[in-house]
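Chain residues, written in single-letter form:
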Number of protein chains: 2
Amino acid sequence: MYYVGIDIGGMSIKIGLVSCDGKIINNRAIATNSELGYEDMIKRSADLVFELCRESGIKADSIIGIGVGIPGTADSGTGIATSAVNIGWKNIPVAEEFSKYFDVPIIISNDANCAAYGEQKFGSGAGFNDIVFITLGTGVGSGIILDKKLVQGFACAGAEAGHMVIQIDGELCNCGRCGCWEQYASASALIKQTKIAMQSYPFSKLHSVASKYGIINGRTAFIAAKEGDNVAQTLVDTYIKYVAIGLINLANIIHPESIIIGGGISHEGDLFIKPLQKYMDNNFHASGMYPTVKVVCATLGNDAGIIGAAALVM
Amino acid sequence: MYYVGIDIGGMSIKIGLVSCDGKIINNRAIATNSELGYEDMIKRSADLVFELCRESGIKADSIIGIGVGIPGTADSGTGIATSAVNIGWKNIPVAEEFSKYFDVPIIISNDANCAAYGEQKFGSGAGFNDIVFITLGTGVGSGIILDKKLVQGFACAGAEAGHMVIQIDGELCNCGRCGCWEQYASASALIKQTKIAMQSYPFSKLHSVASKYGIINGRTAFIAAKEGDNVAQTLVDTYIKYVAIGLINLANIIHPESIIIGGGISHEGDLFIKPLQKYMDNNFHASGMYPTVKVVCATLGNDAGIIGAAALVM
């Protein structure tokens, strides 16, 4: 018995056959090409599923469920992707369209929710009932799992912790509000903060690091800080503080057992996670009286989308 | 069959017999007198329960459950009140002590959680599965109910939305963090904001209102604003904005069907609730695409503590 995990992104659709214990048996990606329409995207995805089965010597009827991660908002109840701006989707009947090719349960959800579910079942959240998953990327995505179940809100529009205001009248966000957490704590925000620092400090090592790697990204400040650059260290310290504010807010509201951090910046490991844990231990509202919230890195990495989507139907 | 709701506060303990449909049959309060010790407090509470039964012609054995609201953190699993600073409690075995007098299920929880539960079952949240209850008082208390169940966190230390930072490096909070929501949106915060405005604007009607009522409280700014005072109107507008920021944060994270507001300031009614609803409709991250979150006043008022505590065991 196998599951299929399908992780739809703006550029590519990642598809994998997943075993009952969360291992990827075979997987491949195709270009999203959303301009060809959702029927075409879903037909090509179905074709790839059958191809992966053939390659792996797995009979198609041993697939017992399909999970689909959507880069936007998705109603798990109706199987409709309500909105996914990057691929031009609005009210697309994803589950219904997939059911033309497969006669098995098909469940869809937001991609951060899928990743949260994957981490809770097979990643660094395994063994916990209550976790919050945060991904620091272009924005700040989040997934909340309480008592092993996804919290999606009454119409599946919840778990958008990136749009929690942490600064009154702060930076303008794409959502229209000012001061949203993702304007301070996303990888994009760190890149913006790095560029501003580079303008103000022409002799900082940020410049040589950026030249060496040919890019300014979320790693630039961390690398320069490791090389002993004070400007970069201040940048990193301030960025970690911004991330911590949102994490502690979520701990105070929900008190999960663990908050799991994904996205490229989580690869900084202890340099990033240890100070976050210290902020948590010192500032959680009931610190000292109650067990603290464990801050850990996501472990499924690039596979989280596929495994998490598959986990939806397990 | 009847339930008992016990609402322990810093000054008084409110106790009521509650019917299965959430009506208070008979109730009375006694002084808390916490300095006499928890055994004494609980014995006097039990005595009052028996007295209320006698008065109402209800046999003590028709009591089938007792709920107790704690002014602090409480572990519903163990029945232990972990911390209630105002009455000097730390790790008090409340359920065990009550069980010396009653052989029925006894459940304890934080008082804001009880009020949330009461509103969801019998107040303005009736008919909703997912609600957030917020009380604007000395601090900002909160209770979260998802799928009709209390969200308390993995060790019952969650649902402290008042300690969500909405201003980086903002006002110092009692919890040790800076910029917590309750430092901007509690009744105490509004009183502080009113006093500061009165110092800056000696000709504002805030002064005459304060003189007339002999007090500066959460109503002062609202009354002066209704009398056409611009300073007071700005105060009220700013205060409502602070409240709205936290409500929208909670809507974005949880997307409940309704957020219910309790505490004295909620008595301002439409003047308070309508602008909050407008903020919500305009700023909820998925506004336009998803049903909005309804902002409503609590309806159980002073009875919420008793009814909510009783609802815990229903």
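Here is what the cut-offs are and how they apply
Residues numbered from 1 in each chain as written. Chains lettered and ligands numbered in written order. Predicted model: local features only at pLDDT ≥ 70, side-chain atom pairs only at ≥ 80, totals over all residues. Heavy atoms only, no water. Pairing = 2+ DSSP bridges. Helix = DSSP H or I, 4+ residues; strand = E, 2+ residues; numbered from the N terminus. Axes fitted to C-alpha atoms, helices over the stretch in contact; angles between N-to-C directions. Contact = heavy atoms within 4.5 Å. Least-squares fit on C-alpha atoms with pLDDT ≥ 70 in both. Domains from an automatic or database assignment. Buried area = accessible area lost by both parts, 1.4 Å probe. Salt bridge = Lys/Arg side-chain N within 4 Å of Asp/Glu carboxyl O. Polar contact = N/O pair within 3.5 Å; in protein donor to acceptor, adjacent residues only side chain to side chain. Nonpolar A, V, L, I, M, F, W, Y, C, P; charged D, E, K, R; others polar. Buried < 20%, exposed > 50% of the residue type's maximum accessible area, 1.4 Å probe, protein only. Phe/Tyr/Trp six-rings, centres within 6.5 Å; stacked < 30°, edge-to-face > 60°.

**Description of the sheet that holds strand β8 (residues 106-110) of chain B**
Residues and elements named next belong to chain B.
Stage number 1. Reading across the sheet, the five strands line up as β3-β2-β1-β4-β8 and stay open at both edges, with mixed pairing between neighbours. Taken across any chain shown, the strands that pair with only one partner, and hence form the sheet edges, are β3 (24-31) and β8. For this sheet, the mean inter-axis angle between neighbouring strands, taken without regard to orientation, is 15°.
Stage number 2. Here strand β4 (residues 63-70) pairs with β8 via five bridges, running parallel. Bridge assignment links Gly 69 to a residue of β8, and that residue is Ser 109.
Stage number 3. Here helix α1 (residues 38-56) sits on the sheet in contact with β1 (2-8), β2 (12-18), β3 and β4, set at roughly 145° to β3.
Stage number 4. Sitting on the sheet, helix α10 (residues 304-312) touches β1, β2, β3, β4 and β8, and the angle it makes with β1 is about 125°.

**Considerations on the relation of the copies chain B and chain A**
Stage number 1. For the pair chain B and chain A, the superposition axis carries a translation of 0.0 Å, the fit reaches an RMSD of 0.0 Å, and the rotation angle comes to 180°. A rotation of that kind, with that shift, is consistent with a two-fold axis.
Stage number 2. By residue overlap, the copies meet face to face through one surface: 100% of the interface positions of chain B are interface positions in chain A.

**Things to note about the domain arrangement of chain A**
Residues and elements named next belong to chain A.
Stage number 1. Segmentation of chain A into domains returns domain 1 (2-123 + 302-312) and domain 2 (131-298).
Stage number 2. When each unit is reduced to the centre of its C-alpha atoms, the spacing between domain 1 and domain 2 is 28 Å.
Stage number 3. The partner domain 2 presents 15 residues to the 13 residues of domain 1 that form the contact.
Stage number 4. For the domain 1 and domain 2 pair, buried surface summed over both sides reaches about 1100 Å², with 64% attributable to carbon and sulfur atoms.
Stage number 5. At the junction of domain 1 and domain 2, the tally comes to zero salt bridges.
Stage number 6. Taken together, the links from domain 1 to domain 2 amount to three residue pairs in polar contact (both at pLDDT 80 or more).
Stage number 7. Contributions of two or more residues to the side of domain 1 that touches domain 2 are made by β5 (73-75), β8 (106-110) and α3 (111-122).
Stage number 8. Broken down by element, the side of domain 1 that touches domain 2 gets its largest block of residues, seven residues, from α3.
Stage number 9. When grouped by side-chain class, the residues that make up the side of domain 1 that touches domain 2 number six nonpolar, five polar and two charged.

**Concerning the interface of chain B and chain A**
Stage number 1. Facing the 48 residues of chain B at the interface are 48 residues of chain A.
Stage number 2. Between chain B and chain A lies a buried interface of about 4000 Å² when both sides are counted; carbon and sulfur atoms form 63% of it.
Stage number 3. For the chain B face of the interface with chain A, the top three residues by lost area are Phe 154, Ile 168 and Ile 253 of chain B, together amounting to 19%.
Stage number 4. Taken together, the links from chain B to chain A amount to two salt bridges.
Stage number 5. For Asp 169 of chain A, the salt bridge goes to Lys 241 of chain B, with nearest N and O atoms at 2.7 Å.
Stage number 6. Viewed at the interface, chain A and chain B are joined by 22 residue pairs in polar contact (both at pLDDT 80 or more).
Stage number 7. At the level of secondary structure, the elements contributing two or more residues to the side of chain B that touches chain A comprise β5 (73-75), β6 (80-84), β10 (140-146) and α8 (230-254) of chain B.

**Considering the pairing of β4 of chain B**
Residue and element names in this part refer to chain B.
Stage number 1. In terms of burial, β4 is largely enclosed, as seven of its eight residues are buried.
Stage number 2. Sheet topology places β1 next to β4; six bridges connect them, and they run parallel. Each bridged residue has a counterpart across the sheet, and for Gly 5 the counterpart in β4 is Gly 67.

**Quick word on the packing of aromatic side chains**
Residues and elements named next belong to chain A.
Stage number 1. The tally for this structure, following the rule as stated, stands at eight aromatic pairs over all chains.
Stage number 2. With 5.3 Å between their ring centres and 70° between their planes, Tyr 184 and Tyr 242 make a pair best called edge-to-face. Taken together, the residues span a long stretch of sequence, with Tyr 184 in helix α4 (residues 182-185) and Tyr 242 in helix α8 (residues 230-254) at a distance of 58 residues. Each member of the pair Tyr 184 and Tyr 242 is classed as buried.

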